Amino acid sequence: MAKLALVRVDGRLIHGATCMIWGSAVSADRIIGIDDVTARNPMLKKITEAVAKNVPCKIMTIDEAVARWKEDQFGEGRVLVIFKTIDAALTARIAGFDFTRLQIGSTLARKDTKRLGDTFFVNQNDINLLTELSEKYRIEIYTQFSPQLQAEPWETSIKAKF
C-alpha cells in the first residue's frame, strides 16, 4: 500500500511546480494525475506525463484511479495525487478512493467564479462540493499554493470569503 504523500486539487494538473516543488516537499517518488479529459486524449496525456521529468507520472481517469486504489492502494512508495477539479476529487471519494486530507492548490477561472486569491476561483457549486467532502466524508480540506506559504483551513480561505 502506497503512502499518500499529498492529495491536491490543481487546475493545471501537472506542471513544473507540482513536480519539482511539491514532489520534493512531500518526498513523492511518483505522481498520479486524475482527470478524465486529459487521460482520454492520448496526445494531451503523453504531453502532460512528460512534464514530470524528475519523478514518474501517470495520468488516469477517475475510474482507473479508483480501480487501482481498490486493487492495491497505488502499490508501494510515496504518491502525490493531483485532481484537476474539486468535482473529480468528490467523484473519486464517492467511488471509493479513501483519502482523508485534501489540499486546494489552485482552481481555474470559470463561469460564475469569484476570485478569492491569486490562484483560487470558486463558484457556489465548488462550495457545495467542498462542504460535502468536509461534512459527509470528514475530509480535512485546506488551501496552500506552495510549501513556503502557510496552509489555511478552507473555511477561512474560501468559505468565509465567498
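In what follows, the structure referred to is the one given above.
Note that the coordinates shown come from a computational prediction; the quantities given were computed from them, not determined experimentally. (Residues numbered from 1 in each chain as written. Predicted model: local features only at pLDDT ≥ 70, side-chain atom pairs only at ≥ 80, totals over all residues. Heavy atoms only, no water.)

> What's the story with the pattern of salt bridges in this structure? I'm lost.
Pairing between side chains of opposite charge can happen when the charged atoms of each approach one another. According to the stated counting rule, one finds 7 salt bridges in the structure shown. For Arg101, the salt bridge identified is with Glu140, shortest N-O distance 3.1 Å. With Arg101 in strand S5 (residues 101–106) and Glu140 in strand S8 (residues 140–143), this pair connects stretches of sequence that are 39 residues apart. Given a relative accessible area of 41%, Glu140 falls into the partly exposed group. With a shortest N-O distance of 2.6 Å, Arg110 and Asp126 are connected by a salt bridge. Of this pair, Arg110 sits in the loop between S5 and strand S6 (114–115) while Asp126 sits in helix H6 (residues 124–135), and the two are 16 residues apart along the sequence. (Salt bridge = Lys/Arg side-chain N within 4 Å of Asp/Glu carboxyl O. Helix = DSSP H or I, 4+ residues; strand = E, 2+ residues; numbered from the N terminus. Buried < 20%, exposed > 50% of the residue type's maximum accessible area, 1.4 Å probe, protein only.)

> How do you make sense of H6 when you look at a structure like this?
Residues separated by three or four positions in an α-helix point in the same direction, a consequence of the helix having 3.6 residues per turn. With 12 residues, H6 extends 16 Å from end C-alpha to end C-alpha; this agrees with the ideal 16 Å at 1.5 Å per step. Restricting attention to buried positions, one finds in H6 the residues Asp126, Ile127, Leu129, Leu130, Thr131, Leu133 and Ser134. Here the buried face of H6 lies against helix H5 (86–95), S5, strand S7 (121–122), S8 and helix H7 (154–157). Backbone nitrogen of Asn125 and a side-chain oxygen of the N-cap are separated by 3.1 Å at the start of H6; the cap is Asn123. (Expected span 1.5 Å × (residues − 1). Contact = heavy atoms within 4.5 Å. Polar contact = N/O pair within 3.5 Å; in protein donor to acceptor, adjacent residues only side chain to side chain.)

> What's the story with helix H4 (residues 62–72) in this structure? I'm lost.
Here H4 has its buried residues at Ile62, Ala65, Val66 and Trp69. Buried residues of H4, seen end-on, are gathered within an arc of 95 degrees and therefore sit on one face of the element. Opposite the buried face of H4, at more than 90 degrees from it, the exposed residues are Asp63 and Glu71. Buried positions along H4 lie against strand S1 (3–10), strand S2 (30–34), helix H2 (36–40), strand S3 (57–60) and H5. One or two residues past the end of H4 sits Gln73, with phi positive at roughly 50 degrees. (Arc of directions from axis to C-beta.)

> Can you help me understand the packing of aromatic side chains in this one?
When we look at a pair of aromatic rings, we describe it by the centre distance and by the angle of the planes. If you walk through the whole model with that rule in mind, you get 6 aromatic pairs. Put simply, the rings of Trp69, Phe74, Phe83, Phe97 and Phe99 touch in pairs and so form one group of aromatic residues. (Phe/Tyr/Trp six-rings, centres within 6.5 Å; stacked < 30°, edge-to-face > 60°.)

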